[in-house]
Amino acid sequence: MSRRRPPERERRAGAPGLPARLERRNALFQQWQSLLTNRTKRTRTGEMLIQGVRPITQAIARGVEIRALLSDGRPEPSRWARELLDAPPAPVVELAPELMAELGEREDGAPELLALAAVPSDDLARLEPTSTAVVVVFDRPSGPGNIGSLARSVDALGAEALLITGRSADPWDPAALRASTGSLFAVPVLRQPSHREVLEWLEGRRAQGEPWRIVGLDEAGGHELSAEDLSGPTLVVVGNETIGMSAGWREACDVVAEIPMGGTASSLNASVAGSIALYEIQRQRRGALRG
């Protein structure tokens, strides 16, 4: 059975300036298109476009502010799309399929849905760590794909937040969102200007009696990661893919640890190194529980 389209007045309620349907490449379409490639536009508008079933589902489930749901208007949507369109989290705008295909950056045709969403706040007050929290810092990452991959590991391996410090790639770049498969919405992801803001937050936690330890990762750290006690609240610092941690982070670390490597590789991919560190933390903690 075809989905009944809501009346135009229903679809436009609470969305002044948004059309019910978009058929051509006008200024509004160009604005949305720029969110895919122009970081300055994402920053200026505080908006991003979310592509993909899982990222859209995760964003809605985690309370990300959805400002519009873009639909290709197909008469027989999938069950997933139909359920969202029957009770949309935001005004729905139907786009011509060729416009949806452009915004979806797909060669196999138009996606059913895209989401126009607000970029989450970078306020450190969003963090509410537990007594044994693990928070990961990615310092000055240059590749959005690596941010997304590390966010996926942060989500999968029990860390509570991902902080991006310094001049870096944008975690809300479509490449990062795709690589994370939605995990960028499952945990708080906050951008900070430098290490200083994070250290100030950490000192506030320590002043409350929380024994936070800062563990940096480096291929020549001198201390094997598995020999370190990682049972308490831990801030894991992963450095830039090429040049590692900044001097500020290196100085702030309680220990700089290494992951033993064989073969001819000079270093591990940054997101892989972070993932191994998170696995080691979980391994130690599971061992302590069994003991």
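Being a predicted model, the structure only gives us computed values, none of them experimental.

What counts and how
Residues numbered from 1 in each chain as written. Predicted model: local features only at pLDDT ≥ 70, side-chain atom pairs only at ≥ 80, totals over all residues. Heavy atoms only, no water. Helix = DSSP H or I, 4+ residues; strand = E, 2+ residues; numbered from the N terminus. UniProt positions renumbered as here; feature names shortened; annotations may be inferred. Phe/Tyr/Trp six-rings, centres within 6.5 Å; stacked < 30°, edge-to-face > 60°. Buried < 20%, exposed > 50% of the residue type's maximum accessible area, 1.4 Å probe, protein only. Domains from an automatic or database assignment. Contact = heavy atoms within 4.5 Å. Buried area = accessible area lost by both parts, 1.4 Å probe. Salt bridge = Lys/Arg side-chain N within 4 Å of Asp/Glu carboxyl O. Nonpolar A, V, L, I, M, F, W, Y, C, P; charged D, E, K, R; others polar. Polar contact = N/O pair within 3.5 Å; in protein donor to acceptor, adjacent residues only side chain to side chain.

Draft legend 1. View of the environment of K41. Relative to the helices and strands, K41 resides in helix α3 (residues 39-45). For the pair K41 and L190, spaced 149 residues apart in sequence, the C-alpha to C-alpha distance is 18 Å.

Draft legend 2. Inspection of the UniProt feature "domain: SpoU L30e-like N-terminal" (unreviewed entry) in the protein at higher detail. Listed under "domain: SpoU L30e-like N-terminal" (unreviewed entry) in the UniProt record, and renumbered for this structure, are residues 26-115. End C-alpha atoms of residues 26-115 are separated by 18 Å, and the span's content is 48% helix alongside 19% strand.

Draft legend 3. Inspection of the packing of aromatic side chains at higher detail. Evaluation of the coordinates by the stated rule reveals 2 aromatic pairs. Aromatic pair W172 and F185: ring centres 5.8 Å apart, planes at 20°, arrangement stacked. With W172 in the loop between β7 (161-165) and α8 (174-180) and F185 in the loop between α8 and β8 (189-192), the pair connects residues that are 13 residues apart, well separated along the chain. Like F185, W172 is buried.

Draft legend 4. Fine view of unusual backbone geometry. You will see that E105, though not glycine, has its phi angle at about 55°, which is positive. Here the phi dihedral of T181 falls at roughly 45°; this positive angle occurs in a residue that is not glycine. As for its placement among the helices and strands, T181 is situated in the loop between α8 and β8. Judged by its relative accessible area of 24%, T181 falls in the partly exposed class.

Draft legend 5. Spatial organisation of the domain arrangement of the protein. On domain assignment, one finds that the protein holds domain 1 (21-118) and domain 2 (124-289). Just the C-alpha atoms count here: the centres of domain 1 and domain 2 sit 31 Å apart. Every contact between the two is made by 14 residues of domain 1 and, on the other side, 13 residues of domain 2. When the area that domain 1 buries against domain 2 is broken down by residue, the three leading residues are R39, R42 and M48, summing to 38%. Its salt-bridge partner being D173, residue R42 comes within 3.7 Å of it at the nearest N-O pair. Of all the elements in the fold, those that place two or more residues in the side of domain 1 that touches domain 2 are α3, β2 (47-50) and α4 (53-61). In terms of residue count, the dominant contributor to the side of domain 1 that touches domain 2 is α4 (4 residues). Classifying every residue of the side of domain 1 that touches domain 2 gives 7 nonpolar, 2 polar and 5 charged.

Draft legend 6. Main features of the side chain of D170. When you line up the elements, D170 lands in the loop between β7 and α8. Overall, D170 belongs to the buried group, its relative accessible area being 4%. Among the polar contacts listed, one links the side chain of D170 to the side chain of R42, at a separation of 2.8 Å. Among the polar contacts listed, one links the side chain of D170 to the backbone nitrogen of W172, at a separation of 3.1 Å. Apart from the residues lying within four places of it in its own chain, the contact partners of D170 are R39, R42, P144, I147, A176 and R191.

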